[in-house]
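If you want the building blocks of each chain, they are given just below.
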Amino acid sequence: MRMIPFYARLRGIVSPVGFCMRALLVLLHRWFGLFIAAFLIIAGLTGAVISWDHELDEWLNPHLFTSQSQGEPLPMLELVRHVENADPRVRASFFALEAEPGHNAEIWVDAKVNPDTGRRYELGYDHAFVDPVTGEIVGKREWGEISLHPEHLMSFLYKLHFTLHLPEWNGINRWGIWLMGAAAMVWLFDTFIAMALTLPRKRRTQKPAGKSWLQRWKPAWMIRRGAGAYKLNFDLHRAVGLWVFGLLLMLAFTSFSLNLYREIFYPVMSMVSETTPGPFETRTPTALHDPVEPQVGWPELFAKARTEADNRGWEEPIGDTFYSDNFAVFGVRFYYPGEDHDSGGMKVKSLYYDGKSADLIGDEVPWEGTAADVFNQLQFPLHSGRIAGLPGRIIVSIMGIAVAMLSITGLVIWWKKRKARVASKRRKQDAALTATSAT
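Note that the structure is a prediction, hence the values are computed from the model and not measured.

## Let's talk about helix H10 (residues 261-272)
Those residues of H10 not exposed but buried are Phe265, Tyr266 and Met269. Buried residues of H10, seen end-on, are gathered within an arc of 85° and therefore sit on one face of the element. Residues of H10 that are buried make contact with helix H9 (245-259), helix H11 (279-282), helix H14 (371-377) and helix H15 (379-384).

Next comes the structure, spelled out in structure tokens:
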């Protein structure tokens, strides 16, 4: 009996396995794509716009952002007191130490707990715009309110981008964040699958002389001209996905890491690499309607933070401060004007203090710490493109449109193929009925 060479027998096994594997990848890409298509269309289009959220917001709402008063501005803590005295239901939660020249001060607030209900007051706003010279409150609004009014449009789109505006339920207000994080994980896996499906299939016959594997892959990177609407749609889906593959991976990964930071990303990072946990990683937050009232005043906090910063040799002024009442954590951030937005936070140094004892409980210095610490710091700057300044923001805007386009063209491909499968099945059924009738 003639012996079959080993490589030939192996190829006889591998070829069917490869065919089945490709069929599986096609199936996964189809259903993964259908699951995440709506999420990616929303995230892509909103992401393209919110790369310019501050600029667009100020352009749409000059009456909120632009100060009309002339004169010496009041101390920021006095403006904070104006807001808190005007509404005893609120407590200041975030503000910059100085208003931008020609701008109103923006003071964010948290709702206190209503003793009659045991839940936070329903305020209808979460930050106020205050004239820095007169102390007059010139406007209020709630960030992320579902509204297309110019005052709310940008924050509505921003919140839609990563939460879908899913409401609080059972005391938890992170359902939308978790859902978008799950979609991002599927997107991350599907990006690799999509890349694998563009690779040329292994030929069973001898390939033409001089035509390499890379040459056979080359058409996947190109868009055919004059080939018809369906082929154009298919080429856009495949070729654009290949050209921006690296950026797609970055956006998918950072979408997952930002939305599921506490739940998955940071715990996994801590297992595979050395990390330096901060207060938001080590503390368990209280329930949404069970905030911790601070026992430290702003002046005392600023004095402690300035002394600590001087001891560390930090020359930057205090840029802004916040209090997270579910973590009982104060934050004091140091930066020169404009560096907080322009760098995505990679030029901002932070000190964290306990809300009850005022003890220093952590810090964060960009580009310092372990490799895992720096990698964690980079997630938002990479996702927003701000790590690369203005060019990075432009690229992210273009990528938002590309992500939406890839999802839409994928849906068109699926719909066309589904129609073809349904038509083919109907023809076979009709043929079978005709054959049965004939007999």
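## Brief notes about the layout of surface pockets
Counted as a void, the second largest pocket has a volume near 1100 Å³. Lining the second largest pocket we find 41 residues, and of these His29, Ala194, Leu197, Phe234 and His237 sit closest to its centre. Of all elements in the fold, only helix H1 (6-50), helix H6 (175-198), helix H7 (213-217), helix H8 (229-243), H9 and helix H16 (389-438) reach the threshold of two or more residues within the lining of the second largest pocket. In terms of residues, the lining of the second largest pocket owes the most to one element, H1, which gives 11 residues. Its residues assigned to classes, the lining of the second largest pocket comprises 25 nonpolar, eight polar and eight charged.

## Re unusual backbone geometry
A positive phi angle is found at His165, which is not glycine, with a value near 60°. Structurally, His165 can be placed in the loop between helix H5 (153-163) and H6. Take His165: its relative accessible area is 12%, and that puts it in the buried class. Unusually for a residue other than glycine, Ala358 sits at a positive phi of about 65°. Inspection of the secondary structure puts Ala358 in the loop between strand S9 (349-354) and strand S10 (360-364).

## Digging into the confidence of the model for the protein
Across the protein, the average pLDDT comes to 91, with 93% of residues at or above 70. Across residues 6-14, where pLDDT falls below 50, the model places three contacts with residues more than four positions away in sequence or in other chains.

## A short note on the nonpolar core
Counting 33 residues, the largest nonpolar core has Met76, Phe95, Ile107, Trp298, Leu301, Phe330 and Phe334 as the members making the most contacts within it. Those elements that place two or more of their residues in this core are helix H4 (76-86), strand S1 (90-96), strand S2 (105-111), strand S5 (127-130), helix H12 (298-312), strand S7 (318-324), strand S8 (329-334) and S9. Examining the composition of this core, we find that five residues originate from one element, H12, more than from any other. For Leu301, the residues in contact, after removing those within four places along its chain, are Val296, Thr321, Phe330, Val332 and Tyr353. Residues Ile36, Leu242, Met399 and Leu406 belong to the second largest nonpolar core, which totals 29 residues.

## Structural notes on the pairing of S7
Within S7, seven of the seven residues are buried, which leaves it mostly tucked inside the rest of the structure. With three bridges joining them, S1 and S7 adopt antiparallel strand pairing. Bridge pairing links Phe94 to Phe322 in S7. The loop that links S7 with its antiparallel partner S8 comprises four residues; one of these, Ala328, has a positive phi angle of about 55°.

## Examining the packing of H5 against H6
In contact at an axis separation of 7 Å, H5 and H6 are set at 60° when each is read in the N-to-C sense. Comparing their axes, H6 and H5 come out oblique. Residues His161, Phe162 and Thr163 of H5 touch H6, and the partners they reach there are Gly176, Ile177 and Met180. When its residues are assigned to classes, the contact of H5 with H6 shows three nonpolar, three polar and no charged.

Cut-offs used in this document
- Residues numbered from 1 in each chain as written.
- Predicted model: local features only at pLDDT ≥ 70, side-chain atom pairs only at ≥ 80, totals over all residues.
- Heavy atoms only, no water.
- Buried < 20%, exposed > 50% of the residue type's maximum accessible area, 1.4 Å probe, protein only.
- Helix = DSSP H or I, 4+ residues; strand = E, 2+ residues; numbered from the N terminus.
- Arc of directions from axis to C-beta.
- Contact = heavy atoms within 4.5 Å.
- 1 Å grid on protein atoms, 1.4 Å probe; cavity = no way out; pocket = protein on both sides within 12 Å on 5 of 7 lines; lining within 4 Å.
- Points joined across faces, edges and corners; volume = space filled by probe spheres on them.
- Nonpolar A, V, L, I, M, F, W, Y, C, P; charged D, E, K, R; others polar.
- pLDDT = per-residue confidence, 0-100.
- Core = buried A, V, L, I, M, F, W, Y, C linked by side-chain atoms within 4.5 Å.
- Pairing = 2+ DSSP bridges.
- Axes fitted to C-alpha atoms, helices over the stretch in contact; angles between N-to-C directions.
- Parallel < 35°, antiparallel > 145°, perpendicular 65-115°, else oblique.

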